[in-house]
Amino acid sequence: RGFPAGPPGRLVFRLEVPRLARLTFACAIDPRFQDRPAVEFLVKVRRAGRADVVWTRLLDPISRAGDRPWVPAQVDLNDYSGSESELVFETRGYEENDEPEAAWWGIAEDSASSRSAGLSQASPVTVTDGQWRMVATHRRGRRPPAEDRF
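Residues numbered from 1 in each chain as written. Predicted model: local features only at pLDDT ≥ 70, side-chain atom pairs only at ≥ 80, totals over all residues. Heavy atoms only, no water.

A.B. asks: I'm lost on empty space enclosed by the protein in this one. Help?
C.D. replies: A water-sized probe, rolled over the atoms, reveals where empty space remains. The full count for this structure, using the stated rule, is 1 cavity of 30 Å³ or more. Estimated volume of the largest cavity: approximately 90 Å³. Taken together, P7, I29, F33, R36, P37, A38, V39, G93, Y94, E95, N97 and A102 form the lining of the largest cavity. Of the residues assigned to the lining of the largest cavity, the class counts are 8 nonpolar, 2 polar and 2 charged. (1 Å grid on protein atoms, 1.4 Å probe; cavity = no way out; pocket = protein on both sides within 12 Å on 5 of 7 lines; lining within 4 Å. Points joined across faces, edges and corners; volume = space filled by probe spheres on them. Nonpolar A, V, L, I, M, F, W, Y, C, P; charged D, E, K, R; others polar.)

A.B. asks: What is the right way to look at the environment of E99 in this model?
C.D. replies: Relative to the helices and strands, E99 resides in the loop between β7 (84-93) and β8 (103-106). Sequence separation of E99 and P8 is 91 residues, and the distance between their C-alpha atoms is 9.4 Å. Leave out the neighbours within four places in its chain, and E99 touches G6, F33 and R36. (Helix = DSSP H or I, 4+ residues; strand = E, 2+ residues; numbered from the N terminus. Contact = heavy atoms within 4.5 Å.)

A.B. asks: What is the right way to look at the pattern of salt bridges in this model?
C.D. replies: Pairs can form between side chains of opposite charge once their charged atoms are near each other. Throughout the structure, instances matching the rule amount to 12 salt bridges. The salt bridge partner of R57 is D67, with a shortest N-O separation of 2.6 Å. Of the two residues, R57 sits in strand β5 (residues 50-59) while D67 sits in the loop between β5 and β6 (71-76), which places them 10 residues apart along the sequence. Residue classification places R57 among the partly exposed positions, given a relative accessible area of 29%. (Salt bridge = Lys/Arg side-chain N within 4 Å of Asp/Glu carboxyl O. Buried < 20%, exposed > 50% of the residue type's maximum accessible area, 1.4 Å probe, protein only.)

A.B. asks: Would you mind showing me how to read the side chain of S83 here?
C.D. replies: Position of S83 among the secondary structure elements: in the loop between β6 and β7. For S83, a relative accessible area of 15% translates into the label buried. Within the structure, the side chain of S83 is placed 2.8 Å from the backbone oxygen of Y80, a separation counted as a polar contact. Of the polar contacts made by the side chain of S83, one reaches the side chain of S85; its length is 3.2 Å. Here S83 is in contact with L15, E16, V17 and R47, once residues within four sequence places are set aside. (Polar contact = N/O pair within 3.5 Å; in protein donor to acceptor, adjacent residues only side chain to side chain.)

This is the structure we're talking about:
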């Protein structure tokens, strides 16, 4: 499933981070927009009024062919375990853009760890400890256009 996150974009999910949690996700720039300037993808953990950037990646499909398909990533969240936190998925662009489908966050639809954790397919993240629960309000995940070319 994919979640449109055309820059500037932000998705926020509240949760209590379990012990030994790992966050598994992917990001991509839609093929229709790969002839435009790069997009920066960031994941932050926000708690107690502080936001820590735990992962960042600049996707530049114009100059790096490896940035054209989905780019998988993992983040160790163990340092945040036991606390009420917010996961923030953010995109930043280098040009003005009102195209929400220019950039995407996503997970594999058949993620075994998502099923074992009780997460719906509408979740943009997977945590692999098997006990993770997410409380969030967001729109239902959608398939990105031309996903087979990502």
